[in-house]
Amino acid sequence: MVLMRVEIYFFLLLHIGLVLLKQMDASIDVWGKSPISVVSVPAGLLAFFLVFFNGHCYTRFNGFYNATTGMMGATQELIELISVHLADEPVARWDAVRYTISSILLTYMKVEQTGNDKGETKISQDEWEQLLSYIHSPSVTCPPLLTFHEVSMLKKYGNTFVPLHAWAIRAIRHGFSRTEAGISSSTYAAAEDCVLRVRRSIAYINNTLAMPIPLAYFHMLNVIMYVNYTLMAFAFVQIEKTLSSVFMLIALIIFTGLRDLSAALSNPFGEDDMDFPIKEYMASVRTLASSMAGVTSKPVRNAGCLELPIKVPSAEQQLRGLHEAAHQLGSSRSQSCLEFPPMLQLPQSKDNRNSSARSSAATVPAGDLAFKTALGRARRGRSNDDGDNLKI
């Protein structure tokens, strides 16, 4: 808050002290040489610099808002497209969604820490756990977004967004390659462009935060401000002693408030009153994406008040278990910045069944047996010789 600034009370007390000093010894002629017009030119210069500084910071604020809403909108468009065109490819659909959402959440986690102004930030283990855990809301329960092996891969790279977006594009390509339209369709290009738009928005946020307002400009603004405050403290002595303190306080609050407003607009990621509601953004984008991808479950109440997910595993949840096994099997691969986690496929029936029949086929004992077999191999440390595809 502006009223918590030390300079407001320092210069106000300085002015009150000068007023009292004049009352004690009115013969000092320095007061006659300090008319109010002395502060007109410096105050005009201060107002110009403050308005210029505020305009630049407000431009940054609008840019951050457009980038934030832009990547959220691109994600919604991606989900809408693949929910329709990849309706029969739940694995590719969910992989594309969860990788894209993970990149957005990691961005929010990173920029939320920039309020401490300590330079580059790192994702804490607790924040990684949020991506590895179920998230319970009053309406739905969202599954984990990443597996342990994927997190271990991302931790090795300085820029976690490049692998995530590459994985998302590969999942989209894999899903469209199994449809009649194929990867040459305009729908595939639109879905791919949604991921790239998310990448551009994230890059804008990170690059703009990495280029703060020049520190020399900010210090120069403070010097001009303090010089003006000193001149005001002397010049306002000529005003009637009761009103002079009021005018001095008003001037201090206005100029200091404009400076603090500009500083707050330059970085809207934090916990200030005018900052973006990052926590709400993170919860809403994850809930919406998981719901539209069809991987959420409604919470049920036990004897207490805790919200628990339904115990019956869905086809996607079984595939997530297979992801765990496949990632452990492929852990011996070379570590490059674009290493892809293994992709999985739903069990395909031999006859031409509809999508609902194929979805229910993942819950038969054969799927459970495949999962147990893969998990057993992972625990024995065997390597995966089947490349990037593990079929069941």
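Our structure's up above, just so we're on the same page.
Residues numbered from 1 in each chain as written. Predicted model: local features only at pLDDT ≥ 70, side-chain atom pairs only at ≥ 80, totals over all residues. Heavy atoms only, no water.

It is worth spelling out the packing of helix α3 (residues 90-111) against helix α10 (residues 278-293) at this point. Look at α3 against α10: their axes get within 10 Å of each other, and the N-to-C directions meet at 180 degrees. Between α3 and α10, the crossing angle belongs to the class labelled roughly antiparallel. Where α3 abuts α10, its residues Arg93, Trp94, Val97, Ile101, Leu105, Tyr108 and Met109 lie against Ile278, Tyr281, Met282, Val285, Arg286, Ala289, Ser290 and Ala293. When its residues are assigned to classes, the contact of α3 with α10 shows 12 nonpolar, 1 polar and 2 charged. (Axes fitted to C-alpha atoms, helices over the stretch in contact; angles between N-to-C directions. Helix = DSSP H or I, 4+ residues; strand = E, 2+ residues; numbered from the N terminus. Parallel < 35°, antiparallel > 145°, perpendicular 65-115°, else oblique. Contact = heavy atoms within 4.5 Å. Nonpolar A, V, L, I, M, F, W, Y, C, P; charged D, E, K, R; others polar.)

Here we take up the packing of α3 against helix α6 (residues 161-177). Where α3 meets α6, the axes come as close as 8 Å, and the angle between the chain directions of the two elements is 160 degrees. For the element pair α3 / α6, the angle class is roughly antiparallel. For the pair α3 and α6, the crossing hand works out as left-handed. Along the contact surface, α3 presents Ala92, Asp95, Ala96, Tyr99, Thr100, Ser102, Ser103, Leu106 and Thr107, while α6 presents Phe161, Leu164, His165, Trp167, Ala168, Ala171, Ile172, His174 and Gly175. Among the residues making up the contact of α3 with α6, the classes are represented as 10 nonpolar, 7 polar and 1 charged. (Left-handed = near helix turned anticlockwise from the far one by under 90°.)

Turning our attention to the side chain of Asp275. Its place among the elements puts Asp275 in the loop between α9 (241-266) and α10. Within the buried core, Asp275 has no salt-bridge partner, and the shortest N-O distance to an opposite charge, that of Arg60, equals 11 Å. Setting aside chain neighbours within four positions, we find Asp275 in contact with Ala264, Asn267, Pro268, Phe269 and Gly270. (Buried < 20%, exposed > 50% of the residue type's maximum accessible area, 1.4 Å probe, protein only. Lys, Arg positive; Asp, Glu negative; His and termini not counted. Salt bridge = Lys/Arg side-chain N within 4 Å of Asp/Glu carboxyl O.)

Okay, the packing of aromatic side chains next. In the structure shown here, the tally under the stated rule is 19 aromatic pairs. Taking the centre distance of 5.1 Å and the plane angle of 85 degrees together, the rings of Phe10 and Phe11 count as edge-to-face. On the numbers, 5.7 Å between centres and 75 degrees between planes, the contact of Phe48 with Phe49 is edge-to-face. Residue Phe48 is classed as exposed on the basis of its relative accessible area, which comes to 52%. Of the residues examined, Phe49 reaches a relative accessible area of 17% and is grouped as buried. Members of the aromatic cluster, each reached through a chain of ring pairs, are Tyr58, Phe61, Phe64, Tyr65, Tyr204, Phe269 and Phe276. (Phe/Tyr/Trp six-rings, centres within 6.5 Å; stacked < 30°, edge-to-face > 60°.)

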